[in-house]
Amino acid sequence: MRFSKAQEQWFVLLALAKWLLLAVLVGILAGTASAFFLFALDWATTTRLDYPWLLAGLPMAGGIVGWIYWRFGKQVEAGNNLLIDEINDPQKIIPLRMAPLVLGGTVVSHIFGASVGREGTAVQMGAALADQLTRLFRLQNGDRRLLLMAGISAGFASVFGTPLAGAVFGFEVLAIGRMRVDAIWPCLVAAVVADQVGLLWGVHHTHYLIGAIPPVSLWVLAAVLLAGAIFGLVARSFANVTHQLAAGMKKLIHYPPLRPFIGGLLIALVAWFSGAERYLGLGIPTIIESFQHPMANYDFAAKFAFTVASLGSGFKGGEVTPLFYIGATLGNVLAPFLNLHFAFLAGLGFVAVFAGAANTPIASTLMAMEMFGAEVGVYAALACVVSYLFSGHTGIYRAQRIVHGKYRAAPEGIKLSEIAAYRASKK
């Protein structure tokens, strides 16, 4: 059936109105949930700092949360990977229990000192709440995919205060080599609304000062490219070691609640006897420090180790803020060797390590511009893209598909979690 131009315009307006309504609802739900989560997280962090002895409860806290997930949350335990799978291959509506489970699990992780982030929690809450509208409005799979992407965008945008990065993250994170541009409108609306709703609830986001941006020169470009390669290799190592530890724990310890108990015990003992409390929790004060003065050359490695131990043993939370910490402190350390200002390279590391680990260079570049100013855009894009390339076909989200590989030799059409088996079969 052929339509006139007037009819086509009418259908476009109907589609815009439909997704405006749905995306606004998603944004309100996700923004409100993220605001509550951020307030709870602030309380948890303050409480842990006020009562350092709470670290002794980390093993028991991990075991209890692990038992709750084992008993009531098996359907949602995959977290962000479940969201990516449902968008790529819709099966069934995400249980609403994902939101309170991940919220409670993350707050408990932080109050007792696990080194985890917050992005995963906000994204899972946003998508789980958004998916409840599928049943309410009786949406088909095609629309449900867009709704879930809008939920991811809304959660990401509201927890970091970066609506443009959040909008793109929602459809860039699904696959390597393909972006669902048909989701731009709902993702953008949901991200902007969620960010504004969070602000209306009184959320305050951390601001980082990157300082003066150096003028473009051959040396600065070369230094940024070299730093981007290092950021990408660190991102690759982070993803691989985290997945390897998680797989090893599952192989050695068959009772799921025992994994975070043992992991929490080791983390607590090391942190307590080494005085390494600065590497627990989000670590935002240390991230701020990395923009202000030179840091110890082992800060990034210590945060790397504590985060891998926390996530690999099963503690709930996100990876992104710890990746910001790792990237910012690593950039700070690299700056003198590359003859760049430490705040400038800390800012690039902040976004580039995340870009490599999440395979989201465009969203990460936009995040840099939203956080540090548009002037950093060229340098941020170079660092993020090079990090993305050097991180290889790995990442923190193992459900990501490879549609077009970063290199010609890469297998296409499979998940990142299937690459190892694929390569082994070719030997």
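Reading guide: rules and limits
- Residues numbered from 1 in each chain as written.
- Predicted model: local features only at pLDDT ≥ 70, side-chain atom pairs only at ≥ 80, totals over all residues.
- Heavy atoms only, no water.
- Helix = DSSP H or I, 4+ residues; strand = E, 2+ residues; numbered from the N terminus.
- Expected span 1.5 Å × (residues − 1).
- Buried < 20%, exposed > 50% of the residue type's maximum accessible area, 1.4 Å probe, protein only.
- Contact = heavy atoms within 4.5 Å.
- Salt bridge = Lys/Arg side-chain N within 4 Å of Asp/Glu carboxyl O.
- UniProt positions renumbered as here; feature names shortened; annotations may be inferred.
- Phe/Tyr/Trp six-rings, centres within 6.5 Å; stacked < 30°, edge-to-face > 60°.
- Core = buried A, V, L, I, M, F, W, Y, C linked by side-chain atoms within 4.5 Å.

**As for helix α8 (residues 184–200)**
Along its 17 residues, α8 runs 24 Å from first to last C-alpha, staying within 8% of the 24 Å computed at 1.5 Å per residue. Of all the positions in α8, only Pro-186, Cys-187, Val-189, Ala-190, Ala-191, Val-193, Ala-194, Asp-195, Val-197 and Gly-198 are classed as buried. Phi turns positive, to about 100 degrees, at Gly-202, one or two residues after α8.

**A short note on the side chain of Asp-195**
Following the sequence through the fold, Asp-195 ends up in helix α8. Apart from residues lying up to four places away in sequence, Asp-195 is in contact with Ala-157, Ser-158, Gly-161, Pro-163 and His-205.

**A look at the pattern of salt bridges**
A complete count under the given rule lists 7 salt bridges for this structure. Measuring nitrogen to oxygen at the nearest pair gives 3.0 Å for the salt bridge that ties Lys-415 to Asp-85. In this pair, Lys-415 is assigned in the loop between β2 (401–402) and α17 (419–426) and Asp-85 in helix α3 (residues 80–88), connecting sequence segments 330 residues apart. For Asp-85, a relative accessible area of 22% puts it in the partly exposed group. Glu-86 is the partner of Arg-144 in a salt bridge, and the nearest nitrogen-oxygen pair spans 2.9 Å. Residue Arg-144 is found in helix α6 (residues 141–160), and its partner Glu-86 is found in helix α3; the two are separated by 58 residues along the sequence. Considered together, Arg-144 and Glu-86 belong to a single accessibility category, that of buried residues. Taken together, the shared-partner salt bridges connect Asp-85, Arg-401 and Lys-415 into one network.

**Quick word on the UniProt feature "transmembrane region" (unreviewed entry) in the protein**
Those places that UniProt annotates as "transmembrane region" (unreviewed entry) correspond, in this numbering, to residues 12–39, 51–70, 146–171, 183–204, 216–238, 258–275, 337–358 and 378–397. Its end C-alpha atoms 39 Å apart, residues 12–39 is made of 100% helix and 0% strand. Structurally, residues 378–397 comprises 65% helix and 0% strand, and the distance from its first C-alpha atom to its last is 26 Å.

**Here's the deal with the environment of Val-308**
Mapping Val-308 onto the fold places it in helix α12 (residues 299–312). Spatially, the C-alpha atoms of Val-308 and Thr-242 are 5.1 Å apart, while their sequence positions differ by 66 residues. Excluding anything up to four places from it in sequence, Val-308 contacts Phe-238, Val-241, Thr-242, Leu-245 and Ser-313.

**Describing the packing of aromatic side chains**
Inspection of every chain in the model, using the stated rule, returns 20 aromatic pairs. Centroid distance Trp-67 to Phe-72: 6.0 Å. Interplanar angle 85 degrees. Geometry classified as edge-to-face. Exposure remark for Trp-67: the relative accessible area of 37% places this residue in the partly exposed category. A relative accessible area of 42% places Phe-72 in the partly exposed class. Plain terms: the ring middles of Tyr-279 and Phe-306 are 6.2 Å apart, the flat faces sit at 20 degrees to each other, and that makes the pair stacked. Here Tyr-279 is found in the loop between α10 (258–274) and α11 (284–290), whereas its partner Phe-306 is found in helix α12, with 27 residues between them in sequence. Taken individually, Tyr-279 and Phe-306 each receive the classification buried, so the pair is uniform in this respect. Ring pairing ties together the aromatic residues Phe-156, Phe-160, Phe-169, Tyr-208, Phe-291, Phe-324, Phe-350, Phe-354, Phe-372 and Tyr-397, which thus form one cluster.

**Section: unusual backbone geometry**
The backbone of Arg-138 sits at a positive phi, close to 55 degrees, despite the residue not being glycine. Along the polypeptide, Arg-138 turns up in the loop between α5 (119–137) and α6. Judged by relative accessible area, Arg-138 falls into the exposed class, the value being 74%. In the Ramachandran plot, Asn-339 falls in the positive-phi region, its phi being about 60 degrees despite a non-glycine side chain. Here Asn-339 shows up in the loop between α13 (320–338) and α14 (342–358).

**Considerations on the nonpolar core**
Counting residues in each nonpolar core, the largest one holds 131 residues, and the members touching the most others are Leu-348, Phe-350 and Phe-372. Examining the composition of this core, we find that 14 residues originate from one element, α14, more than from any other. Apart from the residues lying within four places of it in its own chain, the contact partners of Phe-350 are Tyr-208, Ile-287, Phe-291, Leu-323, Phe-324, Gly-327, Ala-328, Met-367, Met-371 and Phe-372. Formed by 6 residues, the second largest nonpolar core is a distinct cluster that contains Ile-176, Ile-402, Ile-414 and Ile-419.

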